[in-house]
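Coordinates in review
Listed below, chain by chain, are the residues.
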Amino acid sequence: MEGTKPVNKKLAAAVSGGAVLVLATALTGCGGDDGNDKLDAWAKQVCDGVQPQAKKIEAANSAIQKQTSDNSTPQEVKETDAKAFQDMSDAYKAMATTVQKAGAPNVDDGEKKQKDAVAELNGLSTSYASLQKQMAALNTKDQGKFADGLKDIATELNKLSKSGNDALRTLEQGDVGKAMGQQESCKSASVTPSAAAG
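Residues numbered from 1 in each chain as written. Predicted model: local features only at pLDDT ≥ 70, side-chain atom pairs only at ≥ 80, totals over all residues. Heavy atoms only, no water.

The subject of this paragraph is the side chain of K78. Note that K78 resides in helix α4 (residues 74–102). With no salt bridge to any partner, buried K78 finds its closest opposite charge in E79, at an N-O distance of 7.5 Å. A distance of 2.8 Å separates the side chain of K78 from the backbone oxygen of L138, its partner in a polar contact. Setting aside residues no more than four positions away along its own chain, K78 makes contact with M135, A136, A137, L138, T140 and F146. (Helix = DSSP H or I, 4+ residues; strand = E, 2+ residues; numbered from the N terminus. Buried < 20%, exposed > 50% of the residue type's maximum accessible area, 1.4 Å probe, protein only. Lys, Arg positive; Asp, Glu negative; His and termini not counted. Salt bridge = Lys/Arg side-chain N within 4 Å of Asp/Glu carboxyl O. Polar contact = N/O pair within 3.5 Å; in protein donor to acceptor, adjacent residues only side chain to side chain. Contact = heavy atoms within 4.5 Å.)

Another point: the packing of aromatic side chains. Throughout the structure, instances matching the rule amount to 2 aromatic pairs. Relative to Y128, the ring of Y92 has its centre 5.6 Å away and its plane inclined at 15 degrees; by these criteria the two rings are stacked. In this pair, Y92 is assigned in helix α4 and Y128 in helix α5 (residues 110–136), connecting sequence segments 36 residues apart. No difference in accessibility class separates Y92 from Y128, as the two residues are buried. (Phe/Tyr/Trp six-rings, centres within 6.5 Å; stacked < 30°, edge-to-face > 60°.)

What follows deals with the pattern of salt bridges. On inspection of all chains with the given rule, the structure shows 5 salt bridges. Here D116 makes a salt bridge to K112, at a shortest N to O gap of 2.7 Å. In this pair, D116 and K112 both sit in helix α5, 4 residues apart, roughly one turn of the helix. D116 sits in the partly exposed class, given a relative accessible area of 32%. Close ionic contact of E156 with K159 constitutes a salt bridge, the shortest N to O distance being 3.4 Å. Taken together, the residues E156 and K159, both in helix α6 (residues 143–162) and 3 residues apart, mark about one turn of the helix.

The following block contains the structure:
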């Protein structure tokens, strides 16, 4: 198992960088009410829908992180990580559906911002689904091949963590971010310590 251990650590590091929990993270504690009831209602709908998905992504991350600290067999790593990627894919898909259903926020360019964010979340869902397939196809009988496969997945994850999120950040700016920051469900969906600054 020695050969795959450092690689799996790399994978865990890449995953923690790649879990973008976007709609749920940049929003807490930065509020001030501008009295836009429509926007508040939109924010509540989005935050309520996103919260359970953010928790699902966090749990998937934790599962991958845990595998790196245990003395796991390649088969266990493969099964755990494949399931985690599938969960992430499902969660981003559900977030996209939530933002789609909520409609455009009541702000300038709201429709464009919403469409871009939905496209981005669907893109993340597809990317994690593809990683799930790669992980599920890894050969656990051959240490070398398994380690190489993990390396490739870690590389993909790194790319994933660096790309994207622009549309989501744009969606969260200004009044939308303020409205979301006031929602209890967005506050509790936040899982990064840095998110509390505002």
